[in-house]
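Chain residues, written in single-letter form:
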Amino acid sequence: MYEELENLSAEEIIKWALEKFKDRVVLASSFGAEDVVLIDMLSKISQQSTVHSPRIFTIDTGRLPQETYDVMDRIKEKYNIKFEVYFPDYKQVEDMVSQYGFNLFYKSIELRQLCCRIRKVEPLKRVLSNVDAWICGLRREQSVTRAEIKKVESELRTTNYEKQTIIKINPLVDWTEKQVWDYIRKNEVPYNALHDKNYPSIGCAPCTRSIKPGEDIRAGRWWWETPDKKECGLHKKS
Ligand code: SF4
C-alpha cells in the first residue's frame, strides 16, 4: 500500500507524515539513540517548513533508569519542546505488585508480559486511541522480530475504543547502527549516558543490562529470555 515511500529518506518520510497527518501523528520516544535522531530531525523539519509542529510522547513505566530521565531533560532544553507523558494506571500497578511482588518479571514470561502490558501497552493504547499514525525508531537489523518491517505500514490495533487501523511510520528502518551514531555525533544530539556503558538498547532498569563484546545489540533486554520473545508488546499488532 505504501511501497512507493520505501525509497524516501528518513527526513522525507517524516515530512510526508507531518503534512499528511498533521496533529494526528505522534512520535513515540523512549529516548534511545534512534529516538533522539528522530527528535532532532522533527525539530529541524518543523523549523524549516510550514509543516505541523510535531507531537512527541513518552511512557514513564515507573521503572526507568535515572539516565533516561536525564536525557529527557537535556533534549527538552536543547530543542525547547514539550512531551506528552503517559503513566500506567496506578490501580493496575498496585494490584499487580501487591499480588506478584516488585520483581515479578523475573519469575515467568507470563508475569514479565503482564508487567509490560500494564506499564507500557495499556498507556500506549490510550495514546493511539486519539491519533491516526505514529512514528517509531525501529530498525530492521535490531532483531529477528524486526527484520520484515516497512518504512510505512498499516496495522490493526486494539485501542481503548475498538480495533483501529493505525499507520506506523519507521523512518530509520533501513539505517545501520553506524548511521545512527554518525548522525548523533555530527549533529551533537544529546543521548542517554548508558549508551557509553555498553547499553545499545535501553528499556526499564531491571530488564536491561549492558552487553559484552560480540553480543547481539538487544541481548541486554530481558536477557533471561530467548530472542524470539524479546518484545514488550508495544510493536505487536493485534
Ligand atoms: Fe515491567 Fe520490565 Fe516490561 Fe518494564 S520492561 S514494563 S519493568 S517487565
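For the structure itself, look to the data block above.
Rules and cut-offs
Residues numbered from 1 in each chain as written. Predicted model: local features only at pLDDT ≥ 70, side-chain atom pairs only at ≥ 80, totals over all residues. Heavy atoms only, no water. Helix = DSSP H or I, 4+ residues; strand = E, 2+ residues; numbered from the N terminus. Rg over C-alpha atoms; globule rule 2.2 N^0.38 Å. Buried < 20%, exposed > 50% of the residue type's maximum accessible area, 1.4 Å probe, protein only. Contact = heavy atoms within 4.5 Å. Axes fitted to C-alpha atoms, helices over the stretch in contact; angles between N-to-C directions. Parallel < 35°, antiparallel > 145°, perpendicular 65-115°, else oblique. Left-handed = near helix turned anticlockwise from the far one by under 90°. Pairing = 2+ DSSP bridges.

Draft legend 1. Geometry of the overall build of the protein chain. Along the backbone of the protein chain there are six helices and six strands. Beginning at the N terminus, the succession of helices and strands in the protein chain can be written as α-β-α-β-α-β-α-α-β-β-β-α. Its C-alpha radius of gyration of 17 Å places the protein chain within 12% of the 18 Å reference for a compact globule of 238 residues. Viewed in the frame of its principal axes, the protein chain has a C-alpha envelope of about 50 × 45 × 35 Å. Relative to its 238 residues, the protein chain shows a buried fraction of 52%. Intrachain contacts of the protein chain at a sequence separation of at least 6 include 69% that bridge at least 24 residues.

Draft legend 2. Expanded view of the packing of helix H2 (residues 33-48) against helix H6 (residues 177-187). Following both chains from N to C, one finds H2 and H6 inclined at 50°, their axes separated by 10 Å at the closest point. Our classification of the angle between H2 and H6 gives oblique. The interaxial crossing formed by H2 with H6 has left-handed handedness. Mapping the contact onto sequence places Ala33, Glu34, Val36, Val37, Asp40, Met41 and Lys44 in H2 and Val180, Trp181, Tyr183, Ile184 and Asn187 in H6.

Draft legend 3. A look at the sheet that holds strand E3 (residues 84-86). Spatially, six strands are ordered E3-E2-E1-E4-E6-E5 in an open sheet, and the strand pairing comes out mixed. This sheet does not close on itself; its edge strands, each paired only once, are E3 and strand E5 (152-158). Ignoring strand direction, the axes of neighbouring strands in this sheet form an average angle of 35°. The pairing of E5 with strand E6 (residues 163-169) spans seven bridges and is classified as antiparallel. Paired with Ser154 across the strands is Ile167, a residue of E6. The sheet strands contacting helix H1 (residues 10-21) are strand E1 (25-28), strand E4 (133-135), E5 and E6, and the helix crosses E6 at an angle near 145°.

Worth remembering: the numbers are spatial, not functional.
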